[in-house]
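# What the coordinates show
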Amino acid sequence: MSGGALIVLALAIPIGGAVLLSAVGRFAHLRNEASLVTSCGLLAAVAALVPAVMAGDRPSINLFEFAPGLEFAFEVEPLGMLFALLASFLWIVTTIYSIGYLAANGEPHRTRFHICFSLALASAIGIAFAGNMLTLFFFYEALTLCTYPLVAHSGTGEARRGARRYLAILLSTSIMLLLLAILWTWVAVGTLDFRAGGILMGAVSEPVMTVLLVLYVFGVGKAALMPFHGWLPAAMVAPAPVSALLHAVAVVKAGVFTIVKIGLYIFGLDAIRDFASGEWLLYVAGATILIASLLALRQDNLKHRLAYSTVSQLSYVVLGVAMANAHAVMGASLHIAMHGFAKITLFFCAGAIYTATQKTHVSQLDGIGRRMPVTMGAFTIGAFALIGLPPFSGAWSKYYLVLGSLDDGAYAVLAVLLISSLLNALYFLPLIVRAYFPTGGQPLPAASGTTEAPTLQLIAISITALGSVALFTYPQFLFNLLRPLVGM
Amino acid sequence: MIAGHLPILQVALPLIAAPLCVLLRRSALAWAFATLVSWALLAISIMLLIRVMVDGVISYHLGGWAPPFGIEYRLDTLNCFVLLVISAVAAVVTPYMRQSVASEIATPRHNLFYGVYLLALTGLLGIAATGDAFNIYVFMEISSLASYVLIGLGSSRRARAAAIQYLIMGTIGATFLLIGIGLLYMMTGTLNLADLSQRVAEVPDMRPIYAAFAFITVGVLIKLALFPLHIWLPNAYTEAPSVVSAFLAASATKVGAYVLLRFVFTLFGLEFSFERMPLMEILMPLSLITILVGSGVAIFQHDLKRLFAYSSISQIGYLALGISFASTSGLTGAIVHIFNHAMMKGGIFLALGCMMYRTGSVELSALHGLGRRMPFTMAALIIGGLGLVGVPLTSGFVSKWYLVQAAIEANLWPVAVLILLGSLIALVYVGRVIEAAYFRPSPPDAPAIREAPLQMVIPTWILLAASIYFGVHTDITIGVAERGAEMLLGIAQ
Amino acid sequence: MDILTHFNYWAAIALATIGLYAVVARHNLIKKLIGLSLFQTAVFLLFITIGKVTGGTAPILDAAYSVYSNPLPHVLILTAIVVSVSTLAVGLALTIAIKCDYGTIEEDEIHDADSDAGPGSA
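Conventions used here
Residues numbered from 1 in each chain as written. Chains lettered and ligands numbered in written order. Predicted model: local features only at pLDDT ≥ 70, side-chain atom pairs only at ≥ 80, totals over all residues. Heavy atoms only, no water. Helix = DSSP H or I, 4+ residues; strand = E, 2+ residues; numbered from the N terminus. Rg over C-alpha atoms; globule rule 2.2 N^0.38 Å. Buried < 20%, exposed > 50% of the residue type's maximum accessible area, 1.4 Å probe, protein only. Contact = heavy atoms within 4.5 Å. Areas by Shrake-Rupley, 256 points an atom, 1.4 Å probe, with all protein chains shown as cover. Lys, Arg positive; Asp, Glu negative; His and termini not counted. Charge placed at Lys NZ, Arg CZ, Asp CG, Glu CD. Patch = residues over 30% accessible without salt bridge, like charges linked within 9 Å, V, L, I, M, F, W, Y side chains within 5 Å. Salt bridge = Lys/Arg side-chain N within 4 Å of Asp/Glu carboxyl O. Expected span 1.5 Å × (residues − 1). Phe/Tyr/Trp six-rings, centres within 6.5 Å; stacked < 30°, edge-to-face > 60°. Lys NZ or Arg CZ within 6 Å of the ring centre and 35° of its normal. Arc of directions from axis to C-beta. Buried area = accessible area lost by both parts, 1.4 Å probe. Core = buried A, V, L, I, M, F, W, Y, C linked by side-chain atoms within 4.5 Å. Nonpolar A, V, L, I, M, F, W, Y, C, P; charged D, E, K, R; others polar. Pairing = 2+ DSSP bridges.

In terms of regular secondary structure, chain B is built from 20 helices and two strands. The C-alpha atoms of chain B give a radius of gyration of 21 Å, which matches the 23 Å a tight globule of 493 residues would have. A principal-axis box enclosing the C-alpha atoms of chain B has dimensions of 75 × 55 × 40 Å. Expressed as a percentage of its 493 residues, the buried residues of chain B come to 67%. The long-range share in chain B, meaning contacts at least 24 apart out of those at least 6 apart in sequence, stands at 79%. A total of about 15200 Å² of accessible surface is found on chain B, and carbon and sulfur atoms cover 68% of it. Averaging the coordinates of the 26 positive side-chain charges in chain B and doing the same for the 22 negative ones gives two points 14 Å apart.

Given below as structure tokens:
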């Protein structure tokens, strides 16, 4: 099958799945099977594109013309391939998890849930395979709209308020800043295609490039750069599988993916380094990393702590782009995948804890390690991966980011990386230690013994935790995929 | 043989059909007849558009009298596009009318309703087709009078109050237009638009020409409902029967925009309107205020028809803004927005009509739980709402794209930001509607509600599906709009 | 500023202003409609009077005369008069309906009745 046809297939499968789900939604078994089949089908379609991309091809297809000279175009390149693989694989795992979670917690509106999930994945694939900024913007907005019903899922007043904030911040930034930047680029340069080396060099002056960088970076609200990060904690009202989707599978990954893509293919690394005064971006990213980690320390609600941790981790990727050298960008791209696996594990665990014990706050988790060994084991793996300890996945991405900072002699950046790792340890380790060795707080209930989460959730947790380890031990595939990106 | 007379048939057919419709006493017959006529009109306008795209300008002399002594119907791309919009909206709305009208208007009056509706259609089509200035005035008054009656047929007594308010303001506007035409006739001795444009170019510095420009512009702006002359619109759209709101929202103000385009660009010309007269300085701030105030007031409404009426005012601001740019992108954006907004707003008001038919109310609180019970209607409402915001993949995005492009090309950065801000404000009221429909449970004592009848849901979906289709496949609409824009700017130069 | 030679324009403007004033300043619907009629009639006067050609006679072909007044404005205004009468008719019909519904034709009383009655209008 040709590359172009595979791209269309990859988009059609989740959309078709959503249609199928709306038809069979009322039958629980059919619904679950339909979700699983769709997600596996998507992974198959995406995986089929890998050999071509590894060989150096760039499968592409143009669908139709939006305006004269501006087409709805798709092109698969290594970074997009990475994102698509990540999203489709983790979708399968999330589907398994959410079937278990929704059933165990008796959540309503399950069909709507799965339909929106499908559409959100279709949007994520669209973002991954976009060939120009316009196509990417289309799917970016579609992603926001598809995930809104998921955030507002439970329909309570709190959920509605959280969802309102989610929508407001994401759409405000994308309409007021990102769309403005896109139109400005279109008028100034005459094209919106993604090209190696960027399209802005030579077409616009330096001050304009700086302003455009500001508009683009802050316009991608999904990357949660401060001060536009508020939507992420607000979205924690959603059920755990949705949080997992937001943080690991699709939404924030789409955000940082977009920033890397803009950095590489609209501006070009040379432009950022030499012309666009990318220094301010280093400061913003660094500040976000540190401030978000400090805020995470203060959160008692587990999901909120994880949310601020994500805000902080996302800025690692932005930091890598801001440094704009080969090692840093490699580290940033790797981090998209590494963080994905680690964070999804952590959110799955948070959901499992809620399902099994109804507990949501860190202070309530004393001694839970004995009662839920598998869950806490996985949680530990995920936490260590985020801190950056080998043999877990985060080690590689941190390593490359450190190399990147050394390449430039940016010792301030190095300091930020090290301090933030320390802060990560500070907000994860006490939690883990107290889970296994309770010191005070709430005493263990008399009848102990394992009261683990339902099986389906455990399966999902185990897969992602093992994935975290696997990514560390077998990183070759990712390296080979990403090497041409940075010319290494 | 008929093909040669298509231009006049476009206008004469509904004119003759109107009294015939009244004679058909039975409501079902009158409706069927009106539907057939509207479909025939759509066919005629499609044929005309194709002919114009292929052959160029069509010039039809009424009664065989040559202009400038006779009345001429001069059809170019812009005319035919507007004709298409009006007849397409009519063709979709008329089949819908049967059940909606049956539930909202007393049965003995149905044949009168359809007759007056056809008269309104005549007037609107006539304005778009003619090439004679006085003819524009006459058809404008025909359509306006018919609209006053249609609005006054609403069920509550406020409909009559709204209708007379509209009557007074609308007549003043039309009379201003007449004064302007009179002054132009005084100076040039002709009423034919093409002829006038040549003769006005010879005497541009005379005070009567300035006065004529001012009178005509203000008169048209009253019809267009631009701030601060918009006061009649919210009451009129809210109190009118649902189908009338849908039909008028999708056609009447668009025709007003068309008249503005004709007079400003074809008759007076780009140079006169924008360099000698400060049209841009006046129109641009007014349209920006309209955009923001319209959306802003819409946020606080809880009657859905009034909410979307204010939203219409805001969208008209976009039309006027596109005109005020006087560049190819700006005019393309305005002309394509004529089409896009007609589809979106028509669809939204039709969806509201479905809601009124089943639940008897269009209050925001009546939306609770409707997302489940009337899924197709609510989905249509959401799509229309997203189009108003300008979400990509809807046609609203296409218009916004061209308008912001025009602003950036003209280096008017605050204007670009304000256009995008208008989208955000629209998001607030659309978000309220979405939340009420989908994320609030229906009240426990609510009666069982089914989806609206297929005859009403299908036209709603046709319009909204069109708004999505033309948000993606823009080549037809943009192609025509761009040709129209270039022609308007080209003739003037 | 030849007032006498431009007498027709002054008359038309004066009438138009009186008519517009009546529309704006009076609350009674009938008076508004009368004002509207006055305004429109003033415009008709404007149109018709410009048709007069100095030294021209009535526009009926006759061998004895060579200069005729312009007949076109008369024709246009006949159409416009029809429009004006129709508008008046619709306006009066609506006024009668309002009288039946509200019991009054004073616009401020109608407005008060509406804002007391309904929370739906903002």
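There's more to say after this.
Attention shifts here to a negative patch on the surface. Residues and elements named next belong to chain C. Together, Asp108, Glu109, Asp112 and Asp116 make up a negatively charged patch on the protein surface. One can find aspartate 116 in helix H4 (residues 107–117). Judged by relative accessible area, aspartate 116 falls into the exposed class, the value being 67%.

The subject of this paragraph is the arrangement of the chains. With two pairs of chains in contact overall, the greatest share of contacts is found between chains B and C. For the non-touching pair chain A and chain C, the nearest C-alpha separation works out to 25 Å.

All names here are of chain A. Here helix H20 (residues 455–473) spans 27 Å end to end across 19 residues, near enough to the 27 Å set by a 1.5 Å rise per residue. Looking only at H20, the buried set comprises Gln457, Leu458, Ala460, Ile461, Thr464, Ala465, Gly467, Ser468 and Leu471. Against the buried residues of H20 lie helix H4 (78–105), helix H15 (326–357), helix H17 (373–387), helix H18 (394–408) and helix H21 (476–486).

This structure, assessed with the given rule, holds 43 aromatic pairs over all chains. Between the aromatic rings of tryptophan 396 of chain A and tyrosine 399 of chain A, the centroid separation amounts to 6.1 Å while the plane-to-plane angle is 75°, which identifies the pairing as edge-to-face. Here tyrosine 399 of chain A and tryptophan 396 of chain A lie together in helix H18, a separation of three residues that amounts to about one turn. An angle of 55° between the planes, with centres 5.9 Å apart, marks the rings of phenylalanine 397 of chain B and tryptophan 401 of chain B as tilted. Here tryptophan 401 of chain B and phenylalanine 397 of chain B lie together in helix H17 (residues 395–409), a separation of four residues that amounts to about one turn. Residue classification places tryptophan 401 of chain B among the buried residues on the basis of a relative accessible area of 1%. Through successive ring pairs, a cluster of aromatic residues spans Phe72, Phe74, Phe137, Phe138, Phe139 and Trp186 of chain A together with Phe397 and Trp401 of chain B. Here the basic side chain of lysine 222 of chain A rests over the ring of tyrosine 140 of chain A, its NZ or CZ set 3.5 Å away from the ring centre. Against the face of tryptophan 31 of chain B rests arginine 98 of chain B, its NZ or CZ located 5.1 Å from the ring centre.

Okay, helix H1 (residues 7–25) of chain C next. An ideal rise of 1.5 Å per residue puts 27 Å on 19 residues; H1 of chain C measures up with 27 Å between its terminal C-alpha atoms. The set of residues buried in H1 of chain C consists of Asn8, Ala12, Ala16, Gly19, Ala22 and Val23 of chain C. Seen from one end, H1 of chain C has its buried residues packed into an arc of 120°, which puts them on one side. Relative to its buried face, H1 of chain C has exposed residues pointing more than 90 degrees away, namely Phe7, Tyr21 and Val24 of chain C. On its buried face, H1 of chain C sits against helix H6 (158–188) of chain B together with helix H2 (29–49) of chain C.

Listed by partner, the interface residues are 33 residues for chain B and 40 residues for chain C. Contact with chain C buries area across many residues of chain B, yet Arg157, Arg158 and Tyr185 of chain B alone supply 20% of it, more than any other trio. On the surface where chain B and chain C come into contact, there are two salt bridges. Among the salt bridges present, the one from aspartate 101 of chain C reaches arginine 160 of chain B, with a minimum N-O distance of 3.0 Å. Among the secondary structure elements, those contributing two or more residues to the side of chain B that touches chain C are helix H5 (133–152), H6 and helix H13 (304–325) of chain B. For the side of chain B that touches chain C, the element with the highest residue contribution is H6 of chain B, accounting for 17 residues.

Quick look at the nonpolar core now. Counting residues in each nonpolar core, the largest one holds 420 residues, and the members touching the most others are Phe267 of chain A together with Phe265 and Trp401 of chain B. Grouped together as the second largest cluster of nonpolar side chains are five residues, Ala18, Leu21, Val24 and Ala34 of chain A included.

Another aspect to go through is the side chain of threonine 95 of chain C. Relative to the helices and strands, threonine 95 of chain C is located in helix H3 (residues 72–102). In this structure, threonine 95 of chain C is in contact with Ile164 of chain B together with Leu29, Ile30, Leu33 and Ile105 of chain C, ignoring residues within four places of it in sequence.

Our next topic: the interface of chain A and chain B. Taken together, the contact between chain A and chain B spans 31 residues of the former and 33 residues of the latter. Of the roughly 2900 Å² buried at the junction of chain A and chain B (both faces included), carbon and sulfur atoms supply 79%. Linking chain A to chain B there are two salt bridges. Residue arginine 164 of chain A pairs with glutamate 435 of chain B through a salt bridge whose shortest N-O separation is 2.7 Å. Only strand E1 (60–67), helix H6 (133–151) and helix H7 (157–189) of chain A provide two or more residues apiece to the side of chain A that touches chain B. Residue composition of the side of chain A that touches chain B, grouped by class: 23 nonpolar, three polar and five charged.

Let's shift gears to the pairing of strand E2 (residues 70–75) of chain A. All names here are of chain A. Bridging between E1 and E2 involves five bridges; their strand directions are antiparallel. When the bridges of E2 are listed, serine 60 appears paired with glutamate 75. What sits between E1 and E2 in their antiparallel hairpin is a turn of two residues, with glycine 69 showing a positive phi close to 90°.

When you line up the elements, tryptophan 186 of chain A lands in helix H7. Each C-alpha atom, one on tryptophan 186 of chain A and one on leucine 482 of chain A, is 29 Å from the other, the two residues being 296 residues apart in sequence. Not counting chain neighbours up to four residues away, the residues in contact with tryptophan 186 of chain A comprise Pro68, Gly69, Leu70, Thr191 and Leu192 of chain A together with Trp401 and Gln405 of chain B.

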